[in-house]
Amino acid sequence: METDETLLGSPDESGLSVEQPHDHAAGVTAVKVAMQRALKEMGPVRTARTLVRLNQVDGFDCMSCAWPDPDPEHRHRAEFCENGAKAVAEEATKARVTPEFFAEHSVSDLLRQTDHWLGKQGRLTHPMVKWPGADHYEPISWDDGLRVVAEHLQQLGSPDEAVFYTSGRASNEAAFAYQLFVRELGTNNLPDCSNMCHESSGVALIDTIGIGKGSVSLEDLYRADLIVLAGQNPGTNHPRMLSALETAKKRGARIISINPLREAGLVNFHNPQNAHGVLGRGTDLTDLHLQVRLNGDLALFQAIGALLVEWDALDHDFVARCTEGFEAWRDHVAGVDWQRVVEVTGLSRDQITQAARMIADSDATVYCWAMGLTQHRNAVATIKEVVNLALARGDIGKPGAGLCPVRGHSNVQGDRTMGIWEKPPAAFLDALAAEYGFEPPRHHGYDTVESIYAMLEGKASVFVALGGNFLHAAPDTALTAEALQRTALTVQISTKLNRSHLITGRTALILPTLGRTERDDRASGPQFITVEDSMSVVHASRGRLDPASEHLRSEVAIVTGLAEATLGRDAVVDWGALGADYSLIRAGIERVVPGFEDYERRVSRRGGFVLPHPPRDSRTFTTGTGKAHFTASPLEILEVPAGHLVLQTLRSHDQFNTTVYGLSDRYRGIEGGRLVVMVNRRDLQAMGLRADDLVDIVACWDDGRDRRVQGFRVVEYDTPVGTAAAYYPETNPLVPLGSAAEGSNTPTSKSVIVRLEPAAGAR
Ligand code: SF4
């Protein structure tokens, strides 16, 4: 079993300090911090050259979250947030990780460093290899590197013995080429980061409305009467969303936020783009905050449904014309057990009634959600319950209303649209076969959790990652580490150093790639890439900076190079041509993926184009029955043993996914450290613990493995009784691989049952 040090490095927490949480987000401080980070990493010239082009029409798309850009006419000169600036600074940093760096630092040395330190070492500059038994990476030529991968793949007994992971930063062109290569190779083992985030949303939406994507535009958000923010922390994870919420508030919208934590970005927004935000008291956002217990959301939404039925606050015409299953749902929620609801949610009946009244009084409601709903065992049922509320009120396919799963990674939705999916629809595979003249595999592949089991069981021996930090994005870190170390080969296509480069297969390759800020010149000239945001807008992204190293290759060039090396003369697809001119990839996408007609011309328009969404566009539901489906889900409750808490893993404000930008979780008042666990005062008293105590956090799971993280500082925090919160990836070792959402197999990172034990040697 790997130790904490190997999995997390040995952080210096001596600078940890805790103060009162903030009651507003952004403000002048956000601008100051953004500029400080940018100037520190990039210097003044690069800072100016990059940030003026971030999210601009002819610029590059932010590589962080997937929040949409306003129409070209409504974009600010500075069309980015604090965390967007940090993401750019991380990528366009002047720091470099060279062959000399790897000669100086052994893998054993690097394992002692924190992920924050690893990320700060800069951009990878050369292809590197670590041979079996070696403790240092050494340079390797591109040809040799690609040959090493090709030989490992060619020696497999079956293509299904290889896993091809994708992180949500991959462009449409890279993602489409990647799935095309993997399917020509002969497998559907295409897990991706959405398996761990919005897979539950995709499954619930496809079952209920026929498409796994949100149905709203920015304009709908601006025009909503009511916006429900559930299980989401926009101030940190989608900061420009605050501007959209402010616009909606100014138009009279009301906001309900549902979150165990009263996050600053839910309370008030000091918009640094206007005087009111800089000099005034900013814009109050939430009108009603429901501080629900972790995993209490299903009960909450069912109770709200029961009140809408009781009050007959229903859109009967829409229900009759467009839906089915209403009666079963109506009867199900009519029997709601209020005592159970109050117990499970931690909310009063009055609070729930207030929320239901706000929904009943709204003519147009938008439901937004993120990981707080998707990473639970009953996540799919919970999201279907949100859909039930929208269907009951006809809040889909009309202005100012709809469903809005807010995506966390810049092109995670685009990657799925491009076919990055271990369960590809038959129609997609048929179109692929027709376009490229080979028969793709039809059996489903491994998702992320299944991939880890396959590597553990020796069923998969080659792991390739297109971006990301798989080790830390995945649950059950010690088990995931074991899985990766059992493989013959791990390949990381990366921009920066992370721990997945240190916990590897017997042979390990690092293939350094271009970033979004950088120029991408190919044989046919400068190339642009395209991405799809959370609201199905597809647009172009063009980098202009010189590459961080002359040895870098684009993601597309690496993928097409891998395909050429592996498939050789047997290749049916002309990989060389695709690698030289991305418009040929887009031409293929146009003929294989619905909604991309006239792709090249439309994506070159200012702001790009919006993909079709039948429920949004025409209240058409491409379900098996042509109707939207109500769902009657049994109310399953998380049973928590006495003396235990339900823990949610979350990001600090100074982090994007597994990338740690810094040690300042400013809004929550936590500075200078990350090994903290936020717990309610009453729980501390009940456990005989106090703020500042050092504890171990131990996961309670039934497979006999001791999942423990050590030496966390207790922070007394306003979280519902019985619940706790701590950062990932530091607490991902506690999330059992076997604990996943029904129907989506998404790890239950928001409801981990734990106990706190005084740390060894503590008071
Ligand atoms: S809101 Fe998201 S996409 Fe926009 S600048 Fe910030 S991090 Fe980037």
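Criteria and thresholds
- Residues numbered from 1 in each chain as written.
- Predicted model: local features only at pLDDT ≥ 70, side-chain atom pairs only at ≥ 80, totals over all residues.
- Heavy atoms only, no water.
- Domains from an automatic or database assignment.
- Buried area = accessible area lost by both parts, 1.4 Å probe.
- Salt bridge = Lys/Arg side-chain N within 4 Å of Asp/Glu carboxyl O.
- Helix = DSSP H or I, 4+ residues; strand = E, 2+ residues; numbered from the N terminus.
- Contact = heavy atoms within 4.5 Å.
- Near = heavy atom within 4 Å.
- Nonpolar A, V, L, I, M, F, W, Y, C, P; charged D, E, K, R; others polar.
- Buried < 20%, exposed > 50% of the residue type's maximum accessible area, 1.4 Å probe, protein only.
- Axes fitted to C-alpha atoms, helices over the stretch in contact; angles between N-to-C directions.
- Parallel < 35°, antiparallel > 145°, perpendicular 65-115°, else oblique.
- Left-handed = near helix turned anticlockwise from the far one by under 90°.
- Polar contact = N/O pair within 3.5 Å; in protein donor to acceptor, adjacent residues only side chain to side chain.

1. With respect to the domain arrangement of the chain
Parsing the chain into structural domains produces domain 1 (5-24 + 641-758), domain 2 (26-90), domain 3 (94-197 + 418-609) and domain 4 (214-406). Once you take the C-alpha centre of each, domain 1 and domain 4 turn out to be 26 Å apart. Buried surface at the junction of domain 1 and domain 4, both sides included, amounts to about 2,200 Å², of which 56% is carbon and sulfur. The three residues of domain 1 that bury the most area against domain 4 are H24, P720 and K750, which together make up 25% of that side's buried surface. Between domain 1 and domain 4 we count 2 salt bridges in total. Taken together, the elements giving at least two residues each to the side of domain 1 that touches domain 4 come down to β25 (645-650) and β33 (723-727). Here the element with the most residues in the side of domain 1 that touches domain 4 is β25; it accounts for 4 residues.

2. Points about the environment of A740
One can find A740 in the loop between β33 and β34 (752-758). For the pair A740 and D617, spaced 123 residues apart in sequence, the C-alpha to C-alpha distance is 33 Å. Aside from chain neighbours lying at most four places away, what touches A740 is R377, N745, T746, P747 and T748.

3. With respect to the site of the ligand
In the vicinity of the ligand, the contacting residues are N55, C62, S64, C65, W67, F80, C81, G84, P239 and R240. Residues that form the shell around the ligand fall into these classes: 6 nonpolar, 3 polar and 1 charged.

4. Notes on the environment of A699
Within the secondary structure, A699 sits in strand β31 (residues 694-699). Its relative accessible area of 9% is what places A699 among the buried residues. With 502 residues separating them along the chain, A699 and C197 place their C-alpha atoms 21 Å apart. Excluding its chain neighbours within four sequence positions, the residues that come into contact with A699 are R707, L734, V752, I753 and V754.

5. Some details on the packing of helix α23 (residues 426-436) against helix α29 (residues 582-592)
It is at 9 Å that the axes of α23 and α29 come closest, and there the two elements cross at 130°. What the angle tells us is that α23 and α29 run oblique. For the element pair α23 and α29, the recorded crossing hand is right-handed. Touching F428, A431, L432, E435 and Y436 of α23 are G588, R591 and V592, all from α29.

6. Considerations on the side chain of N295
Residue position: N295 is located in the loop between β12 (288-290) and α15 (297-310). Judged by relative accessible area, which is 9%, N295 ranks as buried. Looking at N295, its side chain comes within polar contact range of the side chain of N378, at 2.9 Å. Contacts of N295, omitting those with residues within four sequence positions, involve V344, H376, N378, L638 and S751.

7. Side note on unusual backbone geometry
The general pattern is negative phi for most residues beyond glycine and trans for most peptide bonds. For the peptide bond that leads from Y728 to P729, omega is 5°, which places it in the cis range. With respect to the helices, strands and loops of the structure, P729 is situated in the loop between β33 and β34. Backbone geometry places N55, a non-glycine residue, at a positive phi of 65°. Note that N55 resides in the loop between α2 (28-51) and α3 (82-91).

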